[in-house]
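# Fold and contact review
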Amino acid sequence: MITKFIFRVRRVSTVFLFTGLTLTGAGFINPASAQRGQMAPQKLDPIVEKIVQEAKGNSQLEQLAFELLDVVGPRLVGTPGMTKANEWALKTFQNWGIEARNQQFGEWHGWERGISHIDMTHPRAKSLAGTQLAWSPTTKGKAVEAEVIALPDIKDSISFRQWLPQVKGKYVMISMPQPTGRPDANWKEFGTPESIEKMQKNRDSLNRAWNARIRATGLQTNSIPSVLEEAGAVGILTSYWSMEFGANKIFGARSHKVPSLDISLEDYGMLYRLAEKGYAPKIKVETSSKHLGNVPSFNTIAEIKGSQFPDEYIILSAHLDSWEGGSGATDNGTGTIAMMEVARVLKKVLPNPKRSILIGLWGSEEQGLNGSRSFVLDNPGIIEKTQAVFNLDNGTGRVANINGSGFVHAYDFMGRWLAAVPREVTKDIKTDFPGSPGGGGSDHASFVAAGVPGFMLSSLSWGYFNNTWHTNLDTYDKLVFDDLISNVILTAVLTYKASEEPELVNREKRILPNGPDGKPADWPAIRQPRRSGVGY
């Protein structure tokens, strides 16, 4: 999931009436049975029964997760890991008898992580928990030892420029040290009201003071690393705590000559206190990352050809790329392996669907939906005749919310398709129809902007945003396979029913609520992808 435009949508159970039955949330209820407090037995379509049997009895999710997350690993755009992921997905589809190709949409500056060794050497010896940020410059395999200093509390930009010569030959800390390493939930469970209030006031005060310190430099936060390296700093130290024990978010470096490192909350706080109290801590850093020049960027596209309407499509959407702090397990390894498993299941139980089923594993989602935006622009014929897009991209949990993305008739066709899904899968799903179009939080938005009914199948959190989203803890062990099997069944049935519709669905868009100017808001526009890493 991209470094986010996070959209809050109204999530409600929606009631629909048609053919004498009521669809509450996502399951048919017979009115007479409802009056007696009973739900009518659900008779499943024979194809749906086969989908359930294959998804539950022959699941390949654990093997797929192992191969993608443990063997391939993280999949940052421009890295060998991303190339390996494209090649792995291509081979896996082909082994299942599904046609697949890697479709280039651009290029990115290539980078290979290598190792990161970070040790404190003074006032005592200690190995530190930390890693390079993505695309960080390297120490070229040499160990560089130097003192650590912190960004000072200065009066204004003139004072900052006067201080700058002091960074020469030093590592500079530019993140605020956290006053507590305990998550808020831990404080609420064990802290007294007085200590919680004291902690929160202290943290708020420190945040305000640190923000004022940054503003006083006269620079934007992202510009500070390049200024420090030009002044002679040998490295940049940051710590982006994710508000959970042991979790830091790992993004991209903003330096161009010297290493940028993220240090754990605990070790960063220790270094900061030592520096502030005059102990002049020193660290030794060795990194061996490599810059590889420009390398091509690909989407992996697989297709099960339709038998009756081969030029009409249902698209299974998930981004294959990830950030590099962990192994990209819940963002978005889960979406990737679930959509691949849906394709495998449907190839086995529905080898000749009426419409073509296209699986899009997108590249460079994390830098702005670049893979899916490129696909929309590069494949107008497919976009014109796409029935629906189903997108998975927010964690390992079972799907809990479906928004209609602003399509007026979504309540009708999505209601029909959802009604065919086993009730054990849909019983807790909340729907919001017609809903509203998202502006860019995940890849379905690329299609919605082009007028294609695209739906984010939103998952239960399982602590997603603080624990795993873009953090060093986003690893295989966080996956909940029972929930993923549920998502495979849901998506496979929706895809099957969308394929079997007699015609393409109605794409009519709702009139959006009024904006600040009192006029209806505009439908999101198609946006140009970033097809190279230049300037990122």
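What you are looking at is a predicted structure, and each value in this text was computed from that prediction instead of being measured. (Residues numbered from 1 in each chain as written. Predicted model: local features only at pLDDT ≥ 70, side-chain atom pairs only at ≥ 80, totals over all residues. Heavy atoms only, no water.)

## Brief notes about the environment of T426
Spelled out, the test is: Secondary structure counts use DSSP, requiring at least four H or I residues in a row for a helix and at least two E residues in a row for a strand, with both numbered from the N terminus. Buried means the residue's accessible area, taken with a 1.4 Å probe over protein chains only, is under 20% of the maximum for its type, while exposed means over 50%, and partly exposed covers the values in between.
In this structure, T426 sits in helix 14 (residues 423–426). When its relative accessible area of 1% is taken as the criterion, T426 is described as buried.

## Points about unusual backbone geometry
The linkage connecting H122 with the following residue, P123, adopts the cis geometry, with an omega of 10 degrees. Considering the arrangement of structural elements, one finds P123 in the loop between strand 5 (116–122) and strand 6 (126–127). Residue P434 is bonded to the preceding F433 through a cis peptide linkage, with omega at 0 degrees. Along the chain, P434 turns up in the loop between strand 18 (430–432) and helix 15 (444–449). Of note in the backbone geometry, S364 takes a positive phi value of approximately 50 degrees without being a glycine. Checked against the element boundaries, S364 lands in the loop between strand 15 (355–362) and helix 11 (370–378). The phi dihedral of L369 is positive, around 55 degrees, even though this residue is not glycine.

## As for the sheet that holds strand 13 (residues 290–304)
The condition is simple: Strand pairing is assigned whenever DSSP detects at least two bridges linking the two strands. Geometry is summarised by axes, namely lines fitted to C-alpha atoms with helices restricted to the contacting stretch, and by angles between N-to-C directions that run from 0 to 180 degrees.
As summarised here, the arrangement of the 8 strands in space is 4-13-15-14-16-19-17-18, forming an open sheet in which the pairing is mixed. What marks the edges here is a single partner per strand, and that holds for strand 4 (99–112) and strand 18. Strand-to-strand twist in this sheet, taken as the mean axis angle between neighbours without regard to direction, amounts to 20 degrees. Sheet topology places strand 13 next to strand 15; 5 bridges connect them, and they run antiparallel. Counted as the bridge partner of I304 is I357 from strand 15.

## Some words on the pairing of strand 14 (residues 309–319)
Condition: Seen with its strands pointing away from the viewer, a crossover is right-handed if its path from the first strand over the helix to the second goes clockwise.
With 8 of its 11 residues buried, strand 14 lies for the most part within the structure. Across 8 bridges, the pairing between strand 14 and strand 15 is parallel. Within the sheet, the bridge partner assigned to Y313 lies in strand 15 and is S356. Chirality of the crossover, the property in question, places the unit of strand 14, helix 10 (residues 329–349) and strand 15 among those that are right-handed. Strand direction decides the pairing type here: strand 14 and strand 16 (residues 386–391), joined by 5 bridges, are parallel. In the sheet register, I314 faces strand 16, and the bridge partner there is A388.

## Observations regarding helix 4 (residues 80–95)
Short version of the rule: In this analysis, the expected span of each helix is defined as 1.5 Å times one less than the number of residues it contains. Note on definitions: a residue-residue contact is assigned when non-hydrogen atoms from the two residues lie within 4.5 Å.
Under the 1.5 Å per step criterion, the end-to-end length of helix 4 is 22 Å for 16 residues, consistent within 8% with the ideal 22 Å. Among all positions of helix 4, only G81, M82, A85, N86, W88, A89, L90, T92 and F93 are buried. Turning to helix 4, the residues buried within the fold contact helix 3 (61–72), strand 4, strand 13, helix 10 and strand 15. Following helix 4 by one or two positions, G97 adopts a phi angle in the positive range, close to 80 degrees.

## Observations concerning the confidence of the model for the protein
For the record, the criterion: pLDDT is a residue-level measure of predictor confidence that goes from 0 to 100.
In the predicted model, the protein carries a mean pLDDT of 93, and 93% of its residues have values of at least 70. Contacts of residues 3–35 to residues separated by more than four positions or lying in other chains number 74 contacts, the stretch itself having pLDDT below 50.

## Looking at the side chain of S317
Defined as follows: Contacts described as polar in this section are N or O atom pairs within 3.5 Å, which, within protein, must combine one atom able to donate a hydrogen with one able to accept it, while residues neighboring in sequence count only if both atoms come from side chains.
Residue placement: S317 occurs in strand 14. S317 gets classed as buried once you look at its relative accessible area, which sits at 0%. One polar contact links S317 to N391, side chain to side chain, over a distance of 2.6 Å. Look past the residues within four positions of S317 in its chain and what remains in contact with it is M339, G360, W362, V389, F390, N391, L392 and D443.

## What about the packing of aromatic side chains?
Note the cut-off: Between rings of Phe, Tyr and Trp, where Trp is taken as its six-membered ring, a pair exists when centres lie within 6.5 Å; planes separated by under 30 degrees are stacked, by over 60 edge-to-face, and by other angles tilted.
Applying the stated criterion across every chain, the model contains 20 aromatic pairs. Ring geometry for F465 versus W469: centroids 5.5 Å apart, planes at 70 degrees, classification edge-to-face. Given a relative accessible area of 9%, W469 falls into the buried group. Among the aromatic side chains, those forming a connected cluster through ring pairs are W108, W135, Y240, F251, W323 and Y536.

## Points about the packing of helix 10 against helix 17 (residues 481–500)
Two measures define how a pair of helices packs: the angle their axes make with one another and the distance between the axes. The condition is simple: Orientation categories follow fixed angle ranges, with anything under 35 degrees roughly parallel, anything over 145 roughly antiparallel, 65 to 115 roughly perpendicular, and all other angles oblique. Handedness of a crossing follows from how the near helix is turned relative to the far one, being left-handed for an anticlockwise turn of less than a right angle and right-handed for a clockwise one. Basically, the charged four are Asp, Glu, Lys and Arg, the nonpolar ten are Ala, Val, Leu, Ile, Met, Phe, Trp, Tyr, Cys and Pro, and anything else, Gly included, counts as polar.
Interhelical geometry of helix 10 versus helix 17 gives an angle of 50 degrees and a closest axis separation of 9 Å. The orientation of helix 10 relative to helix 17 falls into the category oblique. Handedness of the crossing formed by helix 10 with helix 17: right-handed. Of the residues in helix 17, those in contact with T334, I337, A338, M339, E341, V342, V345 and L346 of helix 10 are L484, V488, T491, A492 and T495. Tallied by class, the residues present in the contact of helix 10 with helix 17 amount to 9 nonpolar, 3 polar and 1 charged.

## A closer look at the sheet that holds strand 8 (residues 143–150)
Sheet architecture is open: 8 strands sit in the order 6-5-12-8-9-10-11-7, paired in mixed fashion. The sheet terminates laterally at strand 6 and strand 7 (130–132), the two strands that pair on one side only. The pairing of strand 9 (residues 171–173) with strand 10 (residues 235–238) spans 3 bridges and is parallel. Residue pairing across strands places V172 opposite I236, the latter belonging to strand 10.

## A short note on the pattern of salt bridges
To keep things clear, this is the line we draw: Any Lys or Arg side-chain nitrogen located within 4 Å of an Asp or Glu carboxyl oxygen qualifies as a salt bridge.
A full pass over the atoms with the stated rule returns 18 salt bridges. In this structure, E312 engages R355 in a salt bridge whose closest nitrogen and oxygen atoms are separated by 2.8 Å. With E312 in strand 14 and R355 in strand 15, this pair connects stretches of sequence that are 43 residues apart. Relative accessible area serves as the criterion here: at 15%, E312 is assigned to the buried category. Given a relative accessible area of 0%, R355 falls into the buried group. If you follow the salt bridges from partner to partner, you end up with E54, E341, R344 and K348 in one network.

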